[in-house]
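Letter by letter, the chains look like this.
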Amino acid sequence: MHMCARLRLLLLALHALTPAAGGRAGTVCAHLKISVNVEALALSPTSGRAARSVINLKRRNVLFIMADDLRTSLGCYGDSVVKSPNIDQLASKSQVFLNAYAQQAVCAPSRTSMLTSRRPDTTRLYDFNSYWRVHSGNYTTLPQYFKSRGYFTMSVGKVFHPGIASNHTDDYPYSWSIPAYHPASFRFEKEKMCKGDDGKLHANLLCAVNVTEQPGGTLPDMESTDEAVRLLKSSANDDVPFFLAVGFHKPHIPFRIPQEYLSLYPIEQMTLAPDPDVPTLLPPVAYNPWMDVRKREDVQKLNISFPYGPIPKDFQLRIRQYYYAAVSYMDAQVGRLLSTLDELGLSDNTMVVFTSDHGWSLGEHGEWAKYSNFDVTTRVPLIFYVPGVTTMSDWLGESTFPFIDVLTQSEYSFKNDKVIRNVVELVDVFPTVSYMAGLRAPEPCADVSFQEELCTEGDNLAHTFRHRERGEDEEAISFSQYPRPADTPQANSDLPDLKDIKIMGYSLRSWDYRYTLWLGFNPKTFQVNVSDVHAGELYMLADDPGQDKNVYSDSDHSVMMKKMAGLPRTVSLQMRMKLQLLYLTAGMKTNRGKA
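Quick caveat: nothing in here was measured; it's all calculated off a predicted structure. (Residues numbered from 1 in each chain as written. Predicted model: local features only at pLDDT ≥ 70, side-chain atom pairs only at ≥ 80, totals over all residues. Heavy atoms only, no water.)

J.: Hey, could you go over the nonpolar core for me, with residue numbers and the actual values?
T.: Grouped together as the largest cluster of nonpolar side chains are 87 residues, with contacts concentrated most on L244, F255, I319, F354 and W360. The leading source of residues in this core is helix α12 (residues 313-343), at 16 residues. Beyond its immediate stretch of four places on either side in the chain, W360 contacts D69, R71, I253, F255, V293, I319, Y323, W368, A369, K370, V376 and T377. Formed by 41 residues, the second largest nonpolar core is a distinct cluster that contains M114, V159, F243 and Y435. (Core = buried A, V, L, I, M, F, W, Y, C linked by side-chain atoms within 4.5 Å. Buried < 20%, exposed > 50% of the residue type's maximum accessible area, 1.4 Å probe, protein only. Helix = DSSP H or I, 4+ residues; strand = E, 2+ residues; numbered from the N terminus. Contact = heavy atoms within 4.5 Å.)

J.: Now, about helix α4 (residues 85-92): what can you tell me, with residues and values included?
T.: Of all eight residues that make up α4, eight are buried, and the element is covered over most of its length. Among the residues of α4, P85, N86, I87, D88, Q89, L90, A91 and S92 are the ones counted as buried. In this structure, the buried side of α4 is in contact with β2 (95-101), α12, β9 (350-356) and β12 (379-385).

J.: How would you summarise helix α5 (residues 107-116) if you had to cite specific residues and measurements?
T.: The buried count for α5 comes to ten of ten residues, which makes it a mostly enclosed element. Listed in full, the buried residues belonging to α5 are C107, A108, P109, S110, R111, T112, S113, M114, L115 and T116. Contacts made by the buried residues of α5 are with β1 (61-67), α6 (120-123), α7 (132-135), α8 (142-148), β9 and α14 (429-437). Directly beyond the C-terminal end of α5, a positive phi value near 60° is found at S117.

J.: Which residues make up the pattern of salt bridges, and what values go with them?
T.: What the rule picks out here adds up to 17 salt bridges. E297 is paired through a salt bridge with K192; the nearest N and O atoms lie 3.8 Å apart. Taken as a pair, E297 in helix α11 (residues 297-300) and K192 in the loop between β3 (152-157) and β4 (194-195) lie far apart in primary sequence, 105 residues in all. (Salt bridge = Lys/Arg side-chain N within 4 Å of Asp/Glu carboxyl O.)

J.: Outline the environment of Q481, listing residues and values.
T.: As for its position among the elements, Q481 is in strand β14 (residues 478-484). The exposure class assigned to Q481 is buried, which follows from its relative accessible area of 3%. Each C-alpha atom, one on Q481 and one on L517, is 9.4 Å from the other, the two residues being 36 residues apart in sequence. Engagement of the side chain of Q481 in a polar contact is seen with the side chain of D121, the distance being 3.0 Å. (Polar contact = N/O pair within 3.5 Å; in protein donor to acceptor, adjacent residues only side chain to side chain.)

J.: Just give me the short version of the layout of surface pockets, but keep the residues and values in it.
T.: Looking at the second largest pocket, its volume works out to about 690 Å³. Lining the second largest pocket are 26 residues, and of these F128, K190, H252, D292 and R296 sit closest to its centre. In terms of residue class, the lining of the second largest pocket is made up of eleven nonpolar, five polar and ten charged. (1 Å grid on protein atoms, 1.4 Å probe; cavity = no way out; pocket = protein on both sides within 12 Å on 5 of 7 lines; lining within 4 Å. Points joined across faces, edges and corners; volume = space filled by probe spheres on them. Nonpolar A, V, L, I, M, F, W, Y, C, P; charged D, E, K, R; others polar.)

J.: How would you summarise the packing of aromatic side chains if you had to cite specific residues and measurements?
T.: Counted by the stated rule, this structure contains 24 aromatic pairs. Taken together, the ring pairs in this structure connect F255, Y265, Y323, Y324 and W360 into an aromatic cluster. In this structure, R124 is placed above the aromatic ring of F450, and the distance from its NZ or CZ to the ring centre is 4.4 Å. For R294, the ring lying beneath its charged end belongs to W290, and the centroid distance is 3.8 Å. (Phe/Tyr/Trp six-rings, centres within 6.5 Å; stacked < 30°, edge-to-face > 60°. Lys NZ or Arg CZ within 6 Å of the ring centre and 35° of its normal.)

J.: Residues and numbers for the sheet that holds strand β15 (residues 503-509), please.
T.: Sheets are built from strands that pair by backbone hydrogen bonding, the pairs being arranged parallel or antiparallel. Within the open sheet, the four strands sit side by side as β14-β15-β16-β17. Their pairing is antiparallel. The open sheet is flanked by β14 and β17 (527-540), the only strands paired with a single partner. Strand-to-strand, the axes of this sheet are offset by a mean angle of 20°, without reference to chain direction. With seven bridges connecting them, β15 and strand β16 (residues 513-522) associate as antiparallel partners. Note that in β16 the partner of R509 across the bridge is R514. (Pairing = 2+ DSSP bridges. Axes fitted to C-alpha atoms, helices over the stretch in contact; angles between N-to-C directions.)

Note that all results are geometric; they support no functional claim without further evidence.
Below, the structure is given as structure tokens:
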């Protein structure tokens, strides 16, 4: 999504590409030309007449909701099992991005990347052990930008990853007008709070509880919702616009949730993942051994072999049951927040953004948890409610977001009228939220931007709110990555410390393909060796949406790698992988055509 002329020069350097690939080069530029023109309109502060005629640039309040470890297991994303009526209701009055992807499938790197609009290779945060302002650059965050423009900014729950990654302050006072709030009951999450069959308390993965028996008679997300409601009420009549970020802890493990939500998912109705086995051609470096799941007491009792398992099928069903129940519990908290907007008369001037830091594997590919580059861990919900844009004011005075109690209301139906199917990324959130709230979106970053405090490595998606999507955009891509300490699964493969990272898996996701290269990485210099290829993955999504059939080895890569070696050193890794994908897939199409 850079300038077309630049891509033309690079393609000329690969003049020996097959005819099919050469034909596609013109398609690349045609798409890019349109993309650049639309993007310039969305970003330009003087392009306003057309934009302002559709989008009222009066500053809106922002309610920014982030779930933890939430994959696209929501009704509004086509999941027929889950019960998520409040988020589905929000989606029915919003624009829903169906293919949004995180930049790294683990909490701190993903959250820091999204909130700074910089990729992990710019924040240089791949684990939990550094603060970007000290470690890489003094990058402005999304809430900091709003604060600098006169907003009162507030944080409740898990927004930034707590600890070193946010300077033990959730980046206060840079990002927030007041210190961030964390629920007191969260300190019990990792303690023995789960009653076992032996009558004793355990630190289990599966932990349905009677809330009245918990310390304080509450749970972290309930506490966070209470505080967020209090802050909304205190802000309702202020003249100063607010930016309130609310981070829910669920469905992150342990699944310590109110026990009544399990009744929504009878165990006899649960099913296993459609692809529960480790794919035959999956490179060992790509596999995550789900150590955080293994460490729970109830999982340890299963005596599962390392690294591939598998978990017994009956326990797999229970994990899936508890995950879905945790989603419904979290959905109820979202419903409480949204109904409060209505009660306070704020739904007509408050933009609501709902997303997650990354997804979570539920047995697909024989994997659990996050820590990989597959869709199930990188794909996230991304929903924008913009009053006056995604929905019009209800002059009849009807409630916009009436609370739906999923435990008592079984009948509800919602439809998504505004969906975007093309690929977007979480680094796009910062510029898009800014623009849609009535602020100017940050300018795009230069190729090297460590000294730039305010810029974006994402795209402003404002144009998608103005124009109906015209089919698939083959050039729209997301770019994710994940580090590994070795070529085979280790005890620290899921979350290696920076010093232990030896390999970085870079993954490009387009409409048609997922292409991943596992490359040598130097943690001291943060340099990737593009010629040191440890393994590769290529999935043809039309035939293999679950990404189970790796066809990377179907092609001869030697000629392509020689051509890549001839490119200037200044060509970015993203651009190299785009060109490689063009070459590989064009060759495959040509070979299949001959067959």
